[in-house]
Structures are given as structure tokens and as C-alpha cells.
Amino acid sequence: MSDRQERDYLKALLGRLKEEREHLAVQAELGKMEARDEWRKVEDKWNVLESMARNLEHETREAFEEMAEEVSEIYDHLRRRRKD
């Protein structure tokens, strides 16, 4: 995969997570205190992920994907809790 393709892939991954984040942010505001506490924790990870995205040339794909996976798993957990 070329450097350009690599950056495009990682930016697309970040974009998908951003959409999910925006949707869950509204739900967290309306949700229980527990969800809000969990939301604050995932926001810290999101900020790290955004920082990594701004510095893609210096970040490894593996590190970026690992952090993206952590964020995605927490989003999935929050979504499942919201449905309960």
C-alpha cells in the first residue's frame, strides 16, 4: 500500500469513528451517569487518536489502528448499553 493509500485508509477510519462519536455524544448526554463517565474516558482516547491522525507521517499504522480499535470497542459497548 502506498503512503497516500495508507493515509487515505487511516483518515477514512477516523471519519467513521468521528460519525459514530457524534451520534453517541448525543446519547451520552441523554443517558445515565454511568454512560457519561464512560463517555469522558473514551473522549480522552479520542483526543489521542485525533492527535495521531494529525501526525500520520510520524505514527505507525499499527499504533493508530490499535487506538482506533479501543475507541470503537468502547463505542460499541456504549451503544449496546443504550439499547438495554
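In this text, all values refer to a predicted model and were calculated from it rather than measured experimentally.

Thresholds applied
Here the residue numbering is sequential within each chain, running from 1 through the sequence in written order. Only residues with pLDDT of at least 70 are given local features in this predicted model, and only at 80 or more are side-chain atom pairs given and counted; all residues enter the totals for whole chains, interfaces and linings. Excluding hydrogens and water, the side-chain figures rest on all heavy atoms present in the structure. Helix and strand assignments follow DSSP, with helices taken as H or I runs no shorter than four residues and strands as E runs no shorter than two, numbered in order from the N terminus. Under the scheme applied here, a residue whose accessible area is under 20% of the maximum for its type counts as buried, over 50% as exposed, and between as partly exposed, the area being computed with a 1.4 Å probe on protein chains only. We call two residues in contact whenever any of their non-hydrogen atoms come within 4.5 Å of each other. Each nonpolar core is a collection of buried residues, namely Ala, Val, Leu, Ile, Met, Phe, Trp, Tyr and Cys, held together in the definition by side-chain atoms within 4.5 Å. Between 30 and 60 degrees the pair is tilted, below 30 it is stacked and above 60 it is edge-to-face, where a pair is any two Phe, Tyr or Trp rings, Trp via its six-membered ring, whose centres lie within 6.5 Å. Each residue carries a pLDDT value, the predictor's own confidence for that position, ranging from 0 to 100. Criterion for a salt bridge: a side-chain nitrogen of Lys or Arg within 4 Å of a carboxyl oxygen of Asp or Glu.

1. Focus on the overall build of the protein
For step 1, the next point in the chain: Within the protein, the regular secondary structure consists of 3 helices and 0 strands.
For step 2, the next point in the chain: The order of α-helices and β-strands along the protein, N terminus first, is α-α-α.
For step 3, the next point in the chain: For the protein, the proportion of its 84 residues judged to be buried stands at 35%.
For step 4, the next point in the chain: Within the protein, counting contacts between residues at least 6 apart in sequence, those at least 24 apart form 73% of the total.

2. Notes on the nonpolar core
For step 1, the next point in the chain: Ranked by size, the top nonpolar core spans 20 residues in total, and within it Leu-17, Val-42, Trp-46, Leu-49, Phe-64, Val-71 and Tyr-75 carry the most contacts.
For step 2, the next point in the chain: For this core, the secondary-structure elements that each account for two or more residues are helix H1 (3–30), helix H2 (33–54) and helix H3 (61–83).

3. Observations regarding the environment of Arg-36
For step 1, the next point in the chain: Mapped onto the elements of the fold, Arg-36 is located in helix H2.
For step 2, the next point in the chain: Along the backbone, Arg-36 and Ala-25 are 11 residues apart, and their C-alpha atoms lie at a distance of 9.1 Å.

4. Section: the packing of aromatic side chains
For step 1, the next point in the chain: Scanning the model with the defined rule gives 1 aromatic pair in all.
For step 2, the next point in the chain: Taking the centre distance of 6.1 Å and the plane angle of 20° together, the rings of Trp-39 and Tyr-75 count as stacked. Placement of the pair is Trp-39 in helix H2 and Tyr-75 in helix H3, with a sequence separation of 36 residues. Of the two residues, Trp-39 and Tyr-75, neither departs from the other in class, the shared state being buried.

5. Focus: the confidence of the model for the protein
For step 1, the next point in the chain: Confidence in the prediction of the protein, expressed as mean pLDDT, is 81, and 85% of residues score 70 or more.
For step 2, the next point in the chain: Within the protein, the element-level pLDDT minimum falls on H2, averaging 81, and the maximum on H3, averaging 84.

6. Overview of the environment of Ala-35
For step 1, the next point in the chain: Following the sequence through the fold, Ala-35 ends up in helix H2.
For step 2, the next point in the chain: Under the relative-accessibility criterion, Ala-35 is labelled buried at 15%.
For step 3, the next point in the chain: For Ala-35 and Arg-79, which are 44 residues apart along the polypeptide, the C-alpha to C-alpha distance reads 9.8 Å.
For step 4, the next point in the chain: Ignoring sequence-local partners within four residues, the contact set of Ala-35 consists of Leu-78 and Arg-81.

7. Overview of the pattern of salt bridges
Opposite charge on two side chains makes pairing possible when the charged atoms of those side chains draw close.
For step 1, the next point in the chain: For the structure on display, the rule yields 5 salt bridges.
For step 2, the next point in the chain: Between Asp-8 and Arg-4 there is a salt bridge; the shortest N-O distance is 4.0 Å. Within this pair, Asp-8 and its partner Arg-4 are both found in helix H1, separated by 4 residues, close to a single helical turn.
For step 3, the next point in the chain: A relative accessible area of 39% means that Asp-8 is categorised as partly exposed.
For step 4, the next point in the chain: The partner of Lys-45 in a salt bridge is Glu-70, and the shortest N-O contact between them spans 2.6 Å. With a gap of 25 residues between them, Lys-45 in helix H2 and Glu-70 in helix H3 connect regions that are remote in the sequence.
For step 5, the next point in the chain: The exposure class of Lys-45 is partly exposed, given its relative accessible area of 27%.
For step 6, the next point in the chain: According to the relative accessible area criterion, Glu-70 is partly exposed, its value standing at 26%.
For step 7, the next point in the chain: Beyond isolated ion pairs, a larger network of salt bridges with shared partners links Glu-20, Asp-76 and Arg-79.

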